[in-house]
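Examination of the molecular architecture
Now for the letters of each chain:
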Amino acid sequence: MTRFYITTPIYYVNDVPHLGHAYCTVNADAIARWHRLIGDDTLFLTGTDEHGAKVAEAAEEHGVTPREWTDRTSARFSEAWEGLNVSNDDFVRTTETRHYDTVRDFLQKIYDNGFIKKDTYRGLYCVSCEDYYTPDDLNDGMCPVHGRGVVEMEEDNYFFQLSAFQDRLIEWYEKNPDAIRPASKRNEALSFIKGGLKDVSITRTSLSWGVPVPWDDAHVFYVWYDALINYLTALGYGEDPENVATWWPHVHHLIGKEIIRFHCVWWPAMCMAAGVEPPANIFVHGWLLVGGQKLSKSMVDDQGGPVKLTQITPASLTEDFGVDAIRYHLLRNTPLGTDGEFSIEGLTERYNSDLANNLGNLVARVATVVASKCGGTAPAPDPQSPLVAAAAQAVTSASDAWQRFAPHEALEATWRLIGAANAELENTEPWKAEPGTVDDVLGSALEVVRIVALLIAPAMPATSLEIWHRLGLSGSPEDERLPGAADWGNSLAGHDVIKGDPLFPRRKTTP
Ligand code: MSP
């Protein structure tokens, strides 16, 4: 049995979910769905990161306790993911007892192994990053990521001896050249490691909102140090070693590019220190930008005031365009690994061209002509149809692309098949033919629609199911197993094909 364990970063609950978070979660969701569709035993984890100064500050600003604030905001994330039809198997909250237990066991192990020592720490701290910087890291004295001021901090802390892992990390990445993808990000991590690693401060006394340090109750763990461990919390580390052994070798962390250092340097070193194998696969994606800016509320402009960023919540878009249209756009428009611009104009354009004119049009056209020329009953497909090869090619290319974490390519391949079917209909013009003379063409077009329904299931699960039912099929595409189910076959002949409303009514382009 092939196993597949995929994780998103756990999101800070200082604020509510925005489209940037949705980008990562929807990509992870589609990839998880693909793996279920090919029969892999799949585990998909997301969650919320609830400790640290940033969250404590947000709670104080809103006049509630951190606990009340995190309960409220964490729920906004689960609701957002439900609203986007995200199929996570688990949702970890770092304030849960199971997480406290795992953090305690994991860090006690590192402590017992002699990799944690007490020392004094002085540094420049950005609360938005929850991270220290050296003066050289700053841009005009400001945090390089958020552009906000940093504060000088001095604390008696426990330190993780990251420096002890420099050689082992280099060796690990040399032996596992695909552990970080894309390769450019692997090189970035490696050059950071080769540049020399300093020990990191991992506890705080200036803050009480964190996981208590088991061997010293004056300290809580630094938020990043507890957060990374969530990936093992979900597997029951400490409680269920068998489950950890089952899933951990198959882990795939999907992360944004600004958190490479934590995931590709700290986290593998922490694992080594605790006697756990480092994560086998880390995939780094870029940012969704609006007018060239990252979608983040904590950005500040040159004058130090908040940047007026469009407040794009996933719900505001799905209400307007529909869930699957937003999922499709997120997956199709910005390849994983690069930055991409988001705009309503771009979304509308893609909706009209790909969804209304191509997919929607194919489904509507075939059903209409089957109704008028075949009395609504599906004819058999033609085993000699030119679409047979196009379909096989789409299945191969899409499978390969999903495997490589390239949903945009998988969808491109699927849309080439949709294009080929639309072109075939235009060439043969079955709507002009005598009934009974175009059964082959229509049967083949219907078979393409069935295969397309399967191929889009990870990206657009509700649309896929709707098409399935319109083809007179029972059950759900998600119950099928690829690639076998996408072989050119004869499962539709004799079924009643339903016309239905347009799947994606055309939208006016924004003036
Ligand atoms: N809490 C940490 C992660 C801990 S994981 C052990 C954190 N949280 S975050 O909420 O700030 O960011 C979570 C993820 O959202 C990051 O991977 C980040 O790259 C992603 N995104 C936030 N804004 C984004 C865009 N505008 N575009 C794409 N992804 C972005 O970091």
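Residues numbered from 1 in each chain as written. Predicted model: local features only at pLDDT ≥ 70, side-chain atom pairs only at ≥ 80, totals over all residues. Heavy atoms only, no water.

Going by an unreviewed UniProt entry, the protein chain carries the name methionine--tRNA ligase and comes from freshwater metagenome. As recorded by UniProt, the Catalytic activity (unreviewed entry) comment attached to the protein chain reads in full: "tRNA(Met) + L-methionine + ATP = L-methionyl-tRNA(Met) + AMP + diphosphate". (UniProt positions renumbered as here; feature names shortened; annotations may be inferred.)

Digging into the packing of helix α14 (residues 387–403) against helix α15 (residues 407–428)
The interhelical angle for the contact between α14 and α15, taken along N-to-C directions, is 170°, at an axis separation of 7 Å. Compared by their axis directions, α14 and α15 come out roughly antiparallel. Mapping the contact onto sequence places L387, A390, A391, A394, S397, A398, A401 and W402 in α14 and P407, E409, A410, A413, T414, R416, L417, A420, A421 and E424 in α15. Residue composition of the contact of α14 with α15, by class: 13 nonpolar, two polar and three charged. (Axes fitted to C-alpha atoms, helices over the stretch in contact; angles between N-to-C directions. Helix = DSSP H or I, 4+ residues; strand = E, 2+ residues; numbered from the N terminus. Parallel < 35°, antiparallel > 145°, perpendicular 65-115°, else oblique. Contact = heavy atoms within 4.5 Å. Nonpolar A, V, L, I, M, F, W, Y, C, P; charged D, E, K, R; others polar.)

As for the packing of aromatic side chains
By the definition in use, this model includes 24 aromatic pairs. Each ring, one from F160 and one from F165, has its centre 5.7 Å from the other, and the planes form 20°; the classification is stacked. A single burial state applies to F160 and to F165, both of which are buried. Put simply, the rings of F115, F160, F165, Y222, W224, Y225, F262 and W266 touch in pairs and so form one group of aromatic residues. The ring of W247 is capped by R3, whose NZ or CZ atom sits 5.6 Å from the centre of that ring. Above the plane of the ring of W287 lies K257, whose end atom (NZ or CZ) is 4.6 Å from the centre. (Phe/Tyr/Trp six-rings, centres within 6.5 Å; stacked < 30°, edge-to-face > 60°. Buried < 20%, exposed > 50% of the residue type's maximum accessible area, 1.4 Å probe, protein only. Lys NZ or Arg CZ within 6 Å of the ring centre and 35° of its normal.)

A word on the layout of surface pockets
Here the second largest pocket defines a volume of roughly 530 Å³. If you go around the second largest pocket, you meet 21 residues; those closest to its centre are Y132, T134, D137, F192 and R261. Counting residues per element, the ones that place at least two in the lining of the second largest pocket are β6 (131–133), β9 (200–201) and α10 (260–274). Here the element with the most residues in the lining of the second largest pocket is β6; it accounts for three residues. Looking at side-chain class alone, the lining of the second largest pocket contains eleven nonpolar, four polar and six charged residues. (1 Å grid on protein atoms, 1.4 Å probe; cavity = no way out; pocket = protein on both sides within 12 Å on 5 of 7 lines; lining within 4 Å. Points joined across faces, edges and corners; volume = space filled by probe spheres on them.)

Observations concerning the site of the ligand
Taken together, 25 residues are adjacent to the ligand, and I10, D49, G256, E258 and L288 come closest. Taking G20, its main chain carries an N or O atom lying 3.3 Å from a nitrogen atom of the ligand. Take G256: an N or O atom from its main chain is 2.9 Å from an oxygen atom of the ligand. Isolated, the ligand exposes 660 Å² of accessible area, and the fraction of that covered by the protein chains is 95%. Elements that contribute at least two residues to the shell around the ligand include exactly β2 (11–12), α1 (19–37), α7 (223–227), α8 (230–233) and β12 (251–256). Examining the composition of the shell around the ligand, we find that three residues originate from one element, α1, more than from any other. Taken together, the residues of the shell around the ligand sort by class into 14 nonpolar, eight polar and three charged. (Near = heavy atom within 4 Å. Polar contact = N/O pair within 3.5 Å; in protein donor to acceptor, adjacent residues only side chain to side chain. Areas by Shrake-Rupley, 256 points an atom, 1.4 Å probe, with all protein chains shown as cover.)

Points about the state of the cysteines
Scanning the entire structure with this criterion turns up zero disulfides. Left without a disulfide partner, C264 is nearest to the cysteine sulfur of C271, which lies 12 Å away. Judged by its relative accessible area of 0%, C264 is buried. Residue class for C271 comes out buried when judged on its relative accessible area of 0%. (Disulfide = S-S within 2.5 Å.)

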